[in-house]
Each structure stands twice: as structure tokens, then as C-alpha cells.
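So you can see what is in the structure, the chains are spelled out below.
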Amino acid sequence: MTALPTLAVKNAKKPAGVTGHGKLAALYLAPGMLGFFIFIVVPLIASLVISLFDWPLFGTPKFVGLDNYIRMLSGDPVFWTVLGNTLFFAVCYTVLNLVLALGLSTWLHSLGSWGPFFRVLFFVPVVTPMVANALVWRLMLTDDGVVNSFLANFGIAGPSWLSDSQLAMGSLIAMSVWQGVGYNIIVLGAGLNGISPNLLEAARIDGAGAWQRFFRVVLPMLSPSLFFCTVMTIIGSFKVFTQPYLLTLGGPGESTNTIVLYLYRNGFSFDKLGYASALAWALFVIVMLITALQFSQQKRLVNYDN
Amino acid sequence: MYTWITNENDRAQWQAFVDAAKKKDPAFNLTLEGPSFNDYWTKVKTRLSSSGAPCIITTQAARAQELKDLTVPLDDLAKSNNIDISMYNKAMIDGLTVDGTLRGIPYDAEPVVLYYNKDLLAAAGVKEPGTKYTTSQFASDLKALTKDGVSGLAIPPGFGSGPGLPMAFADGNEPVKDGKLDLTNSGLVADQQFAFDLAAKEKVGTAPQSSDGTDVPEQQFMSGKAAMIIDGPWMYDTLTTKTQGKVGIAVVPSKSGDSIGMIQGSAFAIAASCKDKEAAFKNIMKITTPEVVGAVGAARGTVPSVESALKDWAGTKPAADVEVVKALLASGRPLVTTPSWNQVETTFSQYSSEGFRGSKSAQDILSTITNSAK
């Protein structure tokens, strides 16, 4: 593949009489930018406009200014509950997912020829439709489901995994980790494969033990992959929708109601597109700030040296 | 026509209207389109906002308030076409009346009933209920029926579909007053608490999960794991033919024993965007004649909206079952709702699992819903 010449030399002055490649670059960029403009920028602007209206699915929208935002921040207690639920889910899911993925990918890396087989096995839930996964978990976790029937064999009366407000969110997190961990195992596995065995060998010769090699050599070398996994997992966790929609309907009470489920309902069930758009913008700002915070720490925490 | 077509069963029902109308007018035809029932209430709004939208849509009386901006008043069209609206079930006409104007012509009028498994009642020595049934007798019967892995009552998590609202209705406690939500009136709260306690305290029913549809308790009833269920007459054919054991129906229990029927039903309406409303109305009237609704009732089991057509629906059904439906139709009131009813139903399903497990009271749950669905 041939790289664009203009990208090859950083800050180089263009020699006199040499024509630039701006038009060619624009041509290459056009399809992608057109898609970005139509499917990202336009809906983003449209949702910002809609958020300033009382906008029903059918009928005439009414301009209400910042009322939707004011109501969201000061008049709707459910917003703060669903925001808290979403943050709790995001933190627990991201930490559990990354710790498990890191442990499993390290184990699989040392497994030799069985490693790829198990990697595929862990990846199967990622490519299985979320709806199918959620329905299977629902069958497992209902009051008289597989889990409680199993526990009953030992004389244990299983709890209501999906209907006890103390357990329902935990059940959602468990299901989500099971569904999502395979993706990070693949990414971290690729990162581990990229670490030169010579480095580890040198560390061993220098007398570093297994834990020291892991924390002092493997982890820093894996930090670009870990950074990518962290950013993508956090963004994904804030958008959680299918799991509560199918497993708990957001209940019991509001205990598993998340911000995307709440905005979906406001937009398409409660006929409040304007309020749903305001919620979407709140989510957009939160995710953008968290992602920006992560990128601001990139230089400090991520090691790109080979 | 834009309507709900969840499966081939739905499509066959709509086709039954067309086929029955063709007997009088062989050239009559209707093109059908639409999503599943659950998606319909969202998609009908977006479909009617787009160009080339169908002229005729379907609605439920309980949703007439929610869809009022989508439909047009039919009073003048009925007058100019000399249609006698009084032949239709009064409760349905009341339910379809929004801001003093009629928004649809009903094709069915379905009072919610109590189904029971005759075999399980006989085994437990419980007398079969009929057109009179008190809540105290109901609670006592459920206790007798709950044994050997069988629950007395199968319970869905919904509000309208659950046991609480139909029982409140039977006592005359309605959820809407003067066009506004009235969920916290003492009668409704007490009846809903009674329904919660059946699972939470009396343990005569299995507490549902928020995400359960109506199919979960229906399966429980059909498989013989529950002896009773409160459901609509639209489930009559399914529940009487697919349940393990013989099935009978009774009125929904009330404190006095004389129950007020909670009538739900559907209607054909004209979309506000329709250009030829006169033609649309004439077509609606071809599929809502007593002959047509009677023929559809006989073929598909829907209870006709016209009293004179009830005999077609009754067909070979047991006389006792027919009497129950007739009694509830006579005493019945429409389930009138508000434009935010979808929010009420959704939020109730979210919270009801706590009510049926005893961790929240009916007062708490209904107050929360009232505050959120203003």
C-alpha cells in the first residue's frame, strides 16, 4: 500500500512549484466524511434542536427553550437514579471485564496450542446476538430457573436474581461481563503476542520473578491495548440497553433502569422526543468528558516504546 | 388499513373482516399493513407522519386518548351517512369518545373475565364461580387451590392485564377521573394491595417478574400449574382448547359479588392525514355491520360490539360462559385512560414485582406512577 506523500514529512515546507495533494486527499476522504456528516453530524445537530422542543412523535412540536434540560437536572428524580445506576454499572462492568480479560488472556497466552481454541470459545458470546444471550440468561435466572433449580438440589432456596433490587443489577453485570469479556481477551491477546520474548527473557536473566515480569514488563508493554480496551469498554458500558430491557425492564422499581433505556422509553414509549434528546445530550457530554479525561492521562499511563 | 399484525393469527382476523364484507359487496377490498401489536403504538405515530399514510387505522378504546391527535371526529360523518351509533356497545362508544367526539367505530367489546380450571377446582373441592363472585370467596378458593405444586392464581406484572385493576374496576374504582389520573383513590389502592397480597402474604400466586409478558402466566395456567387467571375474552379459544383440563369463565370477583365489567375493545378510525375521509368512513361501515362483526366473532372469537350479533359469537359455547360475558357487558364500563397511559403501564410493570413480593405497598407504587406520568 502506498502512503500519501503529504503525510510522510512532518512540518516540511512545500518546495516552490510543487503542487499539493489537497484535492486528492479530499477525494479520498469524501466518502467517509459524507457518511460521518449524514449519519453523525446531522442527527447530532437535529437532536440538539429537538431537545429544545416539546416534540411528540405525531403532532406539532412546541418550542420550550431549555425547559427539558431544567426538568432533567432539577425536576426529574428518576434522571439522577438512572444516571447513578449507569455509573455503577459502568464502573463495575469495566473493572470486572478488564481484570477478567487480562487474567484470562495471560492464561491463554501461556496455554500453547489450546490457547486459540479457548480464545474462540470465549469470543462466541460476543458474536451471538445480545437478545438471544439475554433470553437464555433470563431462563437461567428466573425464580424457578436453572440456577435456582440447581441450588434446590442442595436444599438452598435461591433468591430472586432479577426481582430483588439488591441482586438485579449484579445479575445484569454478570451477564454483560460474560457477553463482553471475549472481545477484550482477543485485543489483549494480540497485545501479548506483540511483546518481544527477548524482553521477558532479559528480565528473567536479570532475576525478575513471574510477578515482577508481569507488573514491570508485560503490563507496561500491554498498556496501549489496555488503554484501547478501557476506552471502548467504558463507552460501551454507558450505552447499556438490551440487558435491562430484556432481563428486568428496568425494575424492580428503578434499580436497573439505565440512561439509554430511560431515554428510549421517553422518546418512543412516552412520546417525549424532546426530553429524550436532552437525555441523549447529557449522555453524550458525560461520555465525551470521561473519554477526554482518559486521553489526557494517556501520555502518563500508556507506554508506546517498543 | 394500518393495524397491528403480530402474526398470521392477526392477519387472519383482519382478513375475516374483508371476507365477511365481501359477501355483501364482492368488489370490497382492504390492503393491510402494520407492525406487531407491541410496536404498533409507537409506529402508528411515525407512519402517519410520513407521506402515503393509510386512511384507516385501528385503535383500542383504552388508547383513544393517546391517539387523539392522529384521528378525526366521526360524529358528522355518522350523521350524514345515517348511521345509528347507539347499536354499538355503549361502554365502547364512551371509551372511544375523546373531548366529546367519537374517534372510532368499535368492532368488539371485551369484558375482562376470570378463567378457571374446572378439573383443579373439582380436585380441591371448590365450587365453580359464575356471574356472582365475592373477593372473600375468591381468596378462600385460592387458598384451597394452592397445593401440590399448583398456584391458585397466575399473575402477570402489568396493570391493565394484572389482577389489581380489573378487581378495582369490578368494585367501581376507576383509574381516571375527569380526564386525569386517579390512581391513588383509596378504593383502587386497597384493591391493588389486595392483589399484591395474594402473592406477597397469602402465597396463593407466583409473584411475576417485571419482564414477564402475559404469555408467562398464561402458560402457567394452560400447563395446569395455576388454577385461575384473569384475562380477556380474546383468549377464550386459546385457553379453553389448550389448557390441561376443562376451562370455565366467571366474573372478576368484587367485594359485593356484583361485578362491574372492565370493557376493553378495539375500533376502526380515520387518520387525520386522510384526504378522502368520506370514502374511508364508508369502508369502515362496511366492516362494522352487525353481520360482519357477528361473522368475525363466530370465526375468530372476538366478542362483537353489537348486541344483536352476540348470538353469532355464542355459537356452541357453554351457556354459563355466554351468560358471564353478557352480564359483564350489561354492567360494563370502558377502561378510559389518559395520553400518558403507556407510561403508567410501563412504570407499573417495572415496580409491580416489588409489590407482589411485599417490599413496596400499592400506595407507594401508585403514588410514584402518578408523579412520574403527570
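One can find the structure itself at the top, above this paragraph.
These numbers come from a predicted model, not from an experiment.

Caption draft 1: Representation of the overall build of chain A within the structure. Looking only at helices and strands, chain A has 14 helices and 2 strands in total. Here the C-alpha radius of gyration of chain A, 24 Å, is well above what a compact globule of 306 residues would show, namely 19 Å. Considering only C-alpha atoms, chain A reaches an extent of 70 × 60 × 30 Å along its principal axes. In chain A, which comprises 306 residues, the share counted as buried stands at 29%.

Caption draft 2: Region of the structure containing the sheet that holds strand β12 (residues 262-264) of chain B. Residues and elements named next belong to chain B. The strand order across the open sheet formed by 3 strands is β5-β12-β14, and the pairing between neighbours is mixed. Of all strands in the sheet, those with a lone pairing partner are β5 (110-111) and β14 (333-334), marking the two edges. Where β5 and β12 come together, 2 bridges link them in antiparallel fashion. Bridging from a neighbouring strand, Glu110 pairs with Gln264 of β12.

Caption draft 3: Region of interest: the interface of chain B and chain A. Contacts between the two partners involve 21 residues from chain B and, on the opposite side, 21 residues from chain A. Mapped by element, the contributors of at least two residues to the side of chain B that touches chain A are α2 (37-49) and α15 (341-355) of chain B. The leading source of residues in the side of chain B that touches chain A is α15(B), at 8 residues. The residue inventory of the side of chain B that touches chain A, partitioned by class, reads 3 nonpolar, 14 polar and 4 charged.

Caption draft 4: Layout of the nonpolar core. By size, the foremost hydrophobic cluster in this structure holds 113 residues, and its most contacted members are B:Val113, B:Leu114, B:Tyr115, B:Leu153 and B:Ile270. Ranked by residues supplied to this core, first place goes to helix α8 (residues 186-200) of chain B with 7 residues. Looking at this core, you find at least three residues from each of domain 1 (8-110 + 264-315) and domain 2 (113-260 + 340-372) of chain B. The next biggest cluster of nonpolar side chains, apart from the first, holds 34 residues, and it includes A:Val82, A:Ala90, A:Tyr262 and A:Tyr275.

About the thresholds
Residues numbered from 1 in each chain as written. Chains lettered and ligands numbered in written order. Predicted model: local features only at pLDDT ≥ 70, side-chain atom pairs only at ≥ 80, totals over all residues. Helix = DSSP H or I, 4+ residues; strand = E, 2+ residues; numbered from the N terminus. Rg over C-alpha atoms; globule rule 2.2 N^0.38 Å. Buried ≥ 20, exposed ≤ 12 C-beta atoms within 10 Å, placed from the backbone. Pairing = 2+ DSSP bridges. Contact = placed C-beta atoms within 7 Å. Nonpolar A, V, L, I, M, F, W, Y, C, P; charged D, E, K, R; others polar. Core = buried A, V, L, I, M, F, W, Y, C linked by C-beta atoms within 7 Å. Domains from an automatic or database assignment.

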